Amino acid sequence: MTLQQGLGQQQNQIQKLAMTQRMQQSIRMLKFSSNELQNFLKQQELENPFMVINPRNSNASSNVVSVSKAANNETDWTEFATSKQSRSLFDYLLDQVHLTMRKTPLRGWVIFLVNHLDSNGYLDLDLETLVKSELIDKVMLIDALTLLQNLDPPGVGARNLQECLILQTRNDDFAPKHTEEILQNDFSDFIDRHWKALTQKYEITLTQVQDILDYVQTLSPTPGSEYSQDEIGYIQPDLVLKEAADDKLDVKATKQTLPKVVFRENYFNEMLKTNDPQVKKYAEDKKKEFAEIYRDIEQRGSTLLRVGREIIKRQKNFLLDPKQALVPLLLRDVANSLQLHESTISRTVNGKYLQTKHGVYELKYFFTQAVNYSTEGAVLTASDVKARIKAAIMAENKLKPLSDQKISQLLAKEGLELSRRTVAKYREQLNIPSSSKRKKY
């Protein structure tokens, strides 16, 4: 083997490895739900000084309107606890409030603030507008906010990333010296990695600055996301269904699906003026990282739109009128039509949601397999079969509930042949207990 051949093989291996890593990131990005994507980008923004993610917009006016008729008395604000945030996080915080605070107007306002946390634990409320509404005086609001921010998990109730990190650092014995001061007073210099300015101001070494950076990177930018999202009542849709007058359907991506990601070109060019080759390499590496993330976001959004359009084309009747049945649709059908791999379709539809005027649906809801042909020749989907099983159970004698075998026999008389095991599988998917547990004594 010649030297040139050896270098050529080595170069190919390096390129193949790099491509594999990029593919892995692209695949991971496609699997992200909208919340997971936002969390990922917030972390990247913290690690890349040239990356800026569009700020999350909050609808402050609607938040104030929701309590505009309430008086500042001993009202228990629990009744205003809508399903806007993760129920698991909400319940965990509510338990702490009830265990540590007496029933006073102040406790009511703490519960009100808890109700306006998003699923990441950030406070989604314009406090200045609330004070101007004269529903609460500023002192009580500050007291309520302080009590909220002292709850667990650390960082909950923050209004931005800086405050979130400060709250987690405060009262943490493991935080390196000057961490809270730097986050409080020199956050811009810190995230922009102006290390020299920090070493001079706080009379510390670069090693100490690195220790602070390493510590901050262990903190959570989204403390609320650590809690279960299974029961979250407010879903941010990835796609919105658009319906024209002539029954033509299309989908539009939301800002959660296609967030605005900006590269700080001026700051990058400023860093390139340095004579330090390590600084130049660092800046160039971060620019490459940004370019890869930007491309992956665009590809994720494009794939989601393509899959969404294919779904609405095939399930048009249902989307126009939910009383219509879904047509049988498999992942491979969409994959073949779009010339994509079946696993790509699976990653795209899981955890992604379509908003329609009839409600919000997870994309995988539209995929249903043709189970069997009835004696009348009609195609039945899994949803159809489940509906017939549920109807049979609802009409049963509660003193003598139907066994899975008996349901199988009843359906066979209707022209639908299902084994006892298949009936049991669909019954379990419907969260219906077995006949022995349904029996009324």
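What you see is a predicted model; the values in this text were computed from it and never measured.

The rules behind these values
Residues numbered from 1 in each chain as written. Predicted model: local features only at pLDDT ≥ 70, side-chain atom pairs only at ≥ 80, totals over all residues. Heavy atoms only, no water. Helix = DSSP H or I, 4+ residues; strand = E, 2+ residues; numbered from the N terminus. Buried < 20%, exposed > 50% of the residue type's maximum accessible area, 1.4 Å probe, protein only. Contact = heavy atoms within 4.5 Å. Areas by Shrake-Rupley, 256 points an atom, 1.4 Å probe, with all protein chains shown as cover. Polar contact = N/O pair within 3.5 Å; in protein donor to acceptor, adjacent residues only side chain to side chain. pLDDT = per-residue confidence, 0-100. Salt bridge = Lys/Arg side-chain N within 4 Å of Asp/Glu carboxyl O. Pairing = 2+ DSSP bridges.

**With respect to the overall build of the protein**
- Regarding its fold elements, the protein presents 21 helices and eight strands.
- Here the protein, with 441 residues, has 41% of them falling under the buried criterion.
- Relative to all contacts within the protein whose residues are 6 or more apart in sequence, the contacts with residues 24 or more apart total 65%.
- Accessible surface, the protein: about 25000 Å² in total, of which carbon and sulfur atoms supply 49%.

**Some points on helix α8 (residues 161-169)**
- Burial analysis of α8 places eight of its nine residues in the buried class, which makes it a mostly covered element.
- All of the buried residues in α8 are L161, E163, C164, L165, I166, L167, Q168 and T169.
- Where α8 is buried, its residues meet α2 (34-47), α7 (138-149), α9 (179-185), α10 (187-191) and α12 (206-216).
- For α8, the capping residue at the N-terminal end is N160, with a side-chain oxygen 3.2 Å from the backbone nitrogen of Q162.
- Following α8 by one or two positions, N171 adopts a phi angle in the positive range, close to 65°.

**Side note on the confidence of the model for the protein**
- The predicted model of the protein has a mean per-residue pLDDT of 77, with 80% of residues at 70 or higher.
- Note on residues 55-87: pLDDT under 50 across the span, and 66 contacts to partners over four residues away in sequence or across chains.
- Counted against residues more than four places away or in other chains, residues 229-233, with its pLDDT under 50, gives 13 contacts.

**Points about the pattern of salt bridges**
- All chains considered together, the criterion is met by twelve salt bridges.
- Between E163 and R159 there is a salt bridge, with the nearest N and O atoms lying 2.8 Å from each other.
- For E163, a relative accessible area of 15% puts it in the buried group.
- Using a relative accessible area of 38% as the deciding quantity, one classes R159 as partly exposed.

**A closer look at the environment of K260**
- Mapping K260 onto the fold places it in the loop between β3 (249-253) and β4 (261-263).
- Separated by 208 residues in sequence, K260 and V52 place their C-alpha atoms 8.4 Å apart.

**Side note on the side chain of R438**
- In this structure, R438 sits in helix α21 (residues 435-438).
- A relative accessible area of 10% means that R438 is categorised as buried.
- Among the polar contacts made by the side chain of R438, one reaches the main-chain carbonyl oxygen of P433 at a distance of 2.8 Å.
- Apart from residues no more than four positions distant in its own chain, R438 is found in contact with I393, E396, K398, P401, L402, R427, I432 and P433.

**Focus: the pairing of strand β6 (residues 359-362)**
- Taken together, the four bridges between strand β5 (residues 353-356) and β6 define a ladder with antiparallel strand orientation. Paired with L354 across the strands is Y361, a residue of β6.
- Following β5, the chain reverses through two residues before pairing antiparallel with β6.

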